[in-house]
Every structure is written in structure tokens, then in C-alpha cells.
Amino acid sequence: MNRREFLLGSGATAGALGLGCIGLAAGAQELVVQPASFALRDQVTTGMVSLSPDAPPPVLHGKQGEVMRLPVRNTLPDYTAMHWHGLRIPNDMDGVPYLTQMPIGPGEVFDYEFTPPDAGTYWYHPHCMTMEQMAHGLTGVLVIAEAADPGFDSEQVINLRDFRLNDDGSFLPAFTARGAARAGTFGNVQTANWLDGPVYDHAAGSLVRLRVVNTDTTRIYKVHLSGAEARIIAWDGHPVEVDFPLPSADDPLLIGPGQRVDFALKMPLGEGQTVDLMAKFPGQPNRSMTRLRAVGAPVSRELRELRPLPVNPTTKPDLANAELHEFVFGWTPEGGEPTNGFCGSLGYNFWSINRTPWPGDAAKGVGPLATLQRGKSYVVRLRNESPNLHPIHLHGLAFVPIKSNLRPLPPLLTDTMLLLKDEVVEIALVADNPGDWAFHCHVIEHQKTGLTGYIRVD
Ligand code: C2O
Ligand code: CU
Ligand code: CU
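Within each chain, residues carry numbers counting from 1 in the order of the written sequence. Labels follow written order: the first chain is A, the first ligand is 1, and so on. With the structure being a predicted model, the display of local features is reserved for residues of pLDDT at least 70 and the display and counting of side-chain atom pairs for 80 or more, all residues being used for whole-chain, interface and lining totals. Side-chain numbers here rest on the full set of heavy atoms in the structure, without hydrogens or water.

## What to know about the overall build of the protein
Basically, it comes down to this: Think of it this way: any DSSP run of H or I at least four residues long counts as a helix, any run of E at least two long counts as a strand, and we number them from the N terminus. Throughout, radius of gyration means the C-alpha value; the globule benchmark is 2.2 Å times the number of residues raised to the power 0.38. Each residue's exposure class comes from its accessible area (1.4 Å probe, protein chains only) as a fraction of the maximum for that residue type: buried when under 20%, exposed when over 50%, partly exposed otherwise. Whether two residues are in contact is decided by their heavy atoms: any pair within 4.5 Å suffices. Using a 1.4 Å probe, accessible areas were evaluated by the Shrake-Rupley method; residue-level cover was limited to the displayed protein chains. Charge assignment: positive for Lys and Arg, negative for Asp and Glu; neither His nor the chain ends contribute. Every charge is mapped to an atom, namely NZ of Lys, CZ of Arg, CG of Asp or CD of Glu.
A count of helices and strands for the protein gives four helices and 29 strands. Expected size for 458 residues packed as a compact globule is a radius of gyration near 23 Å; at 21 Å, the protein falls within 12% of this value. For the protein, the spread of C-alpha atoms along the three principal axes comes to 70 × 55 × 50 Å. The 458 residues of the protein split such that 58% are buried. Summarising the internal contacts of the protein: among those between residues at least 6 apart in sequence, 75% fall at separations of at least 24. About 17,900 Å² of surface is accessible on the protein, with carbon and sulfur atoms providing 53% of the total. Both charge centroids of the protein, one from 37 positive and one from 49 negative side chains, sit 3 Å from each other.

Structure representation (C-alpha cells):
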């Protein structure tokens, strides 16, 4: 029996016993995956995918240690499945088709239910028909609040992403073979919360937590803040425990697809003064992606009044007793048949892990890239043998980068490591969450043309 048959079998059994997926959990608001339209620029773009007919996917809010019920109903004619990026939750709630669940068919509902162990900034996106559905809009931010309020006056969530549009507002193809074989195919319309430079009001002099998420399928955003006293307080969901230099116009922060940064900032005191989240695009001057405007009589708060964010309950790897695994990311040898990377093939194979392109989720005998023993510590060497950058993402586990052949790396807990050209990075982790965890590049064209696999924690 192959994995697909196994899953088909177990799915059928669960359904027959009433343990399956249909039905609305009490008190839970259904998330309805549906077609949408929105004016991303002057014209209305149709053929988008969201959770409402005319708005971006909402920011979903949960609380650390409290159960979340998120029934996802699919009203599209295609399959889908929802993934909660960065959350260390049980494997069967991870939303990866064929690996952790069957895809959600048209008209079906899957009841996601989990308790986030960590606070921070996370996000959600489909892991089935990923290219199509993400490129057309289905990427949203998931905020998990700390059990104790860290003391901000307000919050601002910014979802950065591009769309690839014609002048008339219609979609261009989401990818090109040329792009997929290189750095990816870039969008031509950059947005914050689907808008062109939105302005948000916050009290003058107040302390704002700015959560910036890159949910793009391709672009590495290069950002900095201008006009505010600020500090980076979290990276990829987890509190930053070391001094993290504030990015500047000359030295912007690279946020790869899937990555997040939280700033603590103090709004200017003068009514109408602004703070800008600036981004750098090739061949253009820095551009404001979003603006925070100071309003009202100034309140006088200071950044140093903020308590450090509470550390999330992860286990520190035991480096002295860690076993080493190595993964090589590169182009794929010629001649591989195009395969089906987690439902929905792009029709090409360009990329590989350990020189083998992902053979497809429905292929027979697809084994894990590595099997890790539960509770043990590992060092994993990530070797980029290509000139392209790869945000390498591991589901279900948090890891710490420990060294690079190219640069000093701050020891930040993360789920997505942006590998630079020819970079070799070692990360350390404790294999403390059992299951089959997807492991892939978050440039979706790379993911879908071979740069995918999974790691088993037994
Ligand atoms: Cu953001 Cu495999 O996912
Ligand atoms: Cu993920
Ligand atoms: Cu990649």
C-alpha cells in the first residue's frame, strides 16, 4: 500500500466513524475559500481567491495556549488544504495534502483544531493548488497573542505581497518556466494588505506593535522603517533575545517569502507626522509600502516601558550530542519527468533536494528525506548549490541557525531560513513534534518544480 492508498483508506475509515472532517465546530466561524474580486489598482481584478467575496483574507487571532477551531470550507472547483505556517501543532492539523490529510474537495469542510503553543506572528495559506490559490490572493496573517499582554497601545498588521496583473487588472499567468528555473517570477503590483500604500492612524506618541509578514510567492522584500524610534522585537514569530540592528535605507532587512518581523515603535508626537515602512525594488528609489499617521493629543510612552516578550516554550538543542544531516539544494539533473508537488503540477522539474526532485505526493514509495528520533537534537546543514536565494521552510518544528560560511547569524528561533547564493548554513533543532513535516523552498515555483521533501520525526 502506498502512502496515498493509506491516506485514502484512513480517511474513509475516519469518515465512516464520524471522526472525519465535515461539520461545524461549536462557536467556530467557518473560513470559506471562495472566488473574490478587488480593486488592487484602478480596475477591479476578478478571479481572486479569498475568504470573502470582496476583501483580503482576514487577520486571524488566537491566544497562546488556547484552542482554535478553524473549519475551512472549500467552495472552489479545485482542491485545497490550509496550512498554518510556523505553528508547532499536531501533524494532522498541518494542512499538507497526502502527507497529513486528504485535500479538501469542492463542497467539503475540514475542521482544523489546534492549540498554538507559541505566541507571535504567523500566517496561513493553502498547501494544495498552492501556486494558483496563493498567487490569486489566499494568504493571510495569523496573530497569536501572548498569554500576558506585553503593553502596546495598538497593533498594525501588514501583509506584503505582489500580484501579477495586466494593465486592465486581469491576472497574468502566475509563473513562467523561465522564472521557475531561476529566481522565480515576480509580480508587478506590490501591495500592503492588498492596497497601494495604505495609511493607518495611531495615537501620537503611542507604542505600536508593527507586524510585517511577507506572504509573496517569490519576492524577497527589502525593508526599513523611517520616521520612528523603533526596535525589532520578534523574528519569524519568536521574541528576539539578542540585539538586532535596526535596518536602514543602505542596509535593509531581507524578509524572504514566509518570513515575519515584529517592530516595536513609538509614534511621532506631532499630529499628522508619519512613520513609513519602506521597501526597495530593483532599479527604483525606496518606496513607502504603508504609512502610520500620528493622530490626537500626544500620549507619552517610551519604548523602554515595554517588557521583553515572553520566550516561547521551545527546547534548546543539545549541540554536544546532536547528529548531523545535510541537504543540498540545487538544480535538478536533466531528464526528470515533471511531477506533482503537493497537488497541482506546474509541468516542470527544475529543482532538487539532495539531487532528487520531489517525486510527487501521489508517487509510490516516497520516503522521508531523513527520519529523526523524537526528543533528540540535530544539526542540519543546508547547502545552497545554486546562484538563487531560497527561503527554506520546515513545518512543525522551530530551529536556530548556528553558522554560515558567508555571514554572522544571530541565534534567532525560526521556521524559515533564507539561504543566500552559495551559502551553507547549519541549523540546530530538537525533534520534539512527531509526524511527517514538509520541508521546502518558499519560492512557490521552486517548491512546485522539485524543491520539496519531508522530514519524519518518529
Ligand atoms: Cu508556508 Cu509548507 O509552507
Ligand atoms: Cu509551514
Ligand atoms: Cu528556492
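## A few points about the pattern of salt bridges
Which entries qualify depends on this criterion: Whenever a carboxyl oxygen of Asp or Glu lies within 4 Å of a side-chain nitrogen of Lys or Arg, that contact is scored as a salt bridge.
Tallied over the entire structure, the rule returns 25 salt bridges. A salt bridge links glutamate 305 to arginine 301; its shortest N-O distance comes to 2.5 Å. The class for glutamate 305 is partly exposed, based on a relative accessible area of 37%. Residue classification places arginine 301 among the buried residues on the basis of a relative accessible area of 18%. The shortest N-O distance in the salt bridge between aspartate 422 and lysine 421 comes to 3.4 Å. Among the ionic contacts, a cluster of salt bridges with common partners joins Glu146, Glu155, Arg209, Arg211 and Asp262.

## Things to note about the coordination of the copper ion (ligand 3)
Each donor-metal-donor angle in an ideal tetrahedron of four donors is 109.5 degrees, and each such angle in an ideal octahedron of six donors is either 90 or 180 degrees. Keep this limit in mind: Here the coordinating atoms are restricted to nitrogen, oxygen and sulfur within 2.8 Å of the metal centre, or 3.2 Å for Na, K and Ca, and because water is not among them the sites may look incomplete.
Looking at the copper ion (ligand 3), one finds its protein donor set to be His390 (ND1), Cys441 (SG) and His446 (ND1), positioned 1.9 to 2.1 Å from the metal centre. In the primary sequence, the donor residues of the copper ion (ligand 3) line up as H-x50-C-x4-H. Residue histidine 390 is located in strand S24 (residues 390–394), and its partner histidine 446 is located in helix H4 (residues 444–447); the two are separated by 56 residues in the primary sequence. For the pair formed by histidine 390 and histidine 446, the shared burial category is buried.

## Things to note about the sheet that holds strand S5 (residues 82–85)
For clarity, the cut-off: Between any two strands, at least two bridges found by DSSP are needed for them to pair. Structural elements are reduced to axes, namely lines fitted to C-alpha atoms, with helices fitted over the stretch in contact, and the angle between N-to-C directions of any two is expressed from 0 to 180 degrees.
One open sheet holds the four strands; their spatial order is S3-S8-S7-S5, and the pairing between them is mixed. What marks the edges here is a single partner per strand, and that holds for strand S3 (60–63) and S5. Neighbour-to-neighbour, the strand axes of this sheet turn through a mean angle of 25°, independent of strand direction. As judged from the four bridges shared by S5 and strand S7 (residues 120–126), these two strands associate in the antiparallel manner. Note on S7: the bridge partner recorded for methionine 82 is proline 126.

## Some words on the coordination of the copper ion (ligand 2)
Bound to the copper ion (ligand 2) are the protein donor atoms His83 (NE2) and His393 (NE2), situated 1.9 Å from the metal. Taken together, the residues span a long stretch of sequence, with histidine 83 in strand S5 and histidine 393 in strand S24 at a distance of 310 residues.

## A few points about the side chain of threonine 80
Quick note on the threshold: We define a polar contact as two N or O atoms separated by no more than 3.5 Å, with the added condition that, inside protein, one atom must be a possible hydrogen donor and the other a possible acceptor, whereas residues neighbouring each other in sequence contribute only through side-chain atom pairs.
Topologically, threonine 80 is positioned in the loop between strand S4 (68–74) and S5. With relative accessibility at 1%, the residue threonine 80 sits in the buried group. Among the polar contacts made by the side chain of threonine 80, one reaches the side chain of glutamine 133 at a distance of 2.7 Å. Excluding its chain neighbours within four sequence positions, the residues that come into contact with threonine 80 are Asn74, Pro103, Ile104, Pro126, Cys128 and Gln133.

## Let's talk about the environment of proline 252
Topologically, proline 252 is positioned in the loop between strand S15 (238–239) and strand S16 (253–255). Beyond its immediate chain neighbours, meaning those up to four positions away, proline 252 contacts Lys222, Val223 and Pro247.

## A word on the sheet that holds strand S18 (residues 274–279)
Spatial strand order, S11-S19-S18-S13-S16: five strands in an open sheet with mixed pairing. The sheet is open, and its two edges are formed by strand S11 (199–203) and S16, each paired on a single side. Averaged over all pairs of adjacent strands, the angle between strand axes in this sheet comes to 30°, irrespective of strand direction. When strand S13 (residues 221–226) meets S16, the two strands line up antiparallel, connected through three bridges. For valine 223, the partnering residue across the bridge sits in S16 and is leucine 253.

## Concerning the domain arrangement of the protein
Note the cut-off: Domain ranges listed in this record stem from an automatic or a database domain assignment. Each of two parts loses accessible area, computed with a 1.4 Å probe, when they are put together; buried area is these two losses added.
Per the domain assignment, the segments making up the protein are domain 1 (21–145), domain 2 (154–305) and domain 3 (319–457). Of the roughly 1,800 Å² buried between domain 1 and domain 3 on both sides combined, carbon and sulfur atoms contribute 66%. Among the residues domain 1 hides against domain 3, the three largest losses belong to Arg88, Leu99 and Met131. Together they make up 31% of the total. At the surface where domain 1 touches domain 3, the tally comes to one salt bridge. Seen at the junction of domain 1 and domain 3, the total is eleven residue pairs in polar contact (both at pLDDT 80 or more).

## Notes on the pairing of S18
In terms of burial, S18 is a largely internal element, five of the six residues being buried. Looking at chain direction, S18 and strand S19 (residues 287–295) are connected through six bridges and run antiparallel. Counted as the bridge partner of valine 275 is leucine 292 from S19.

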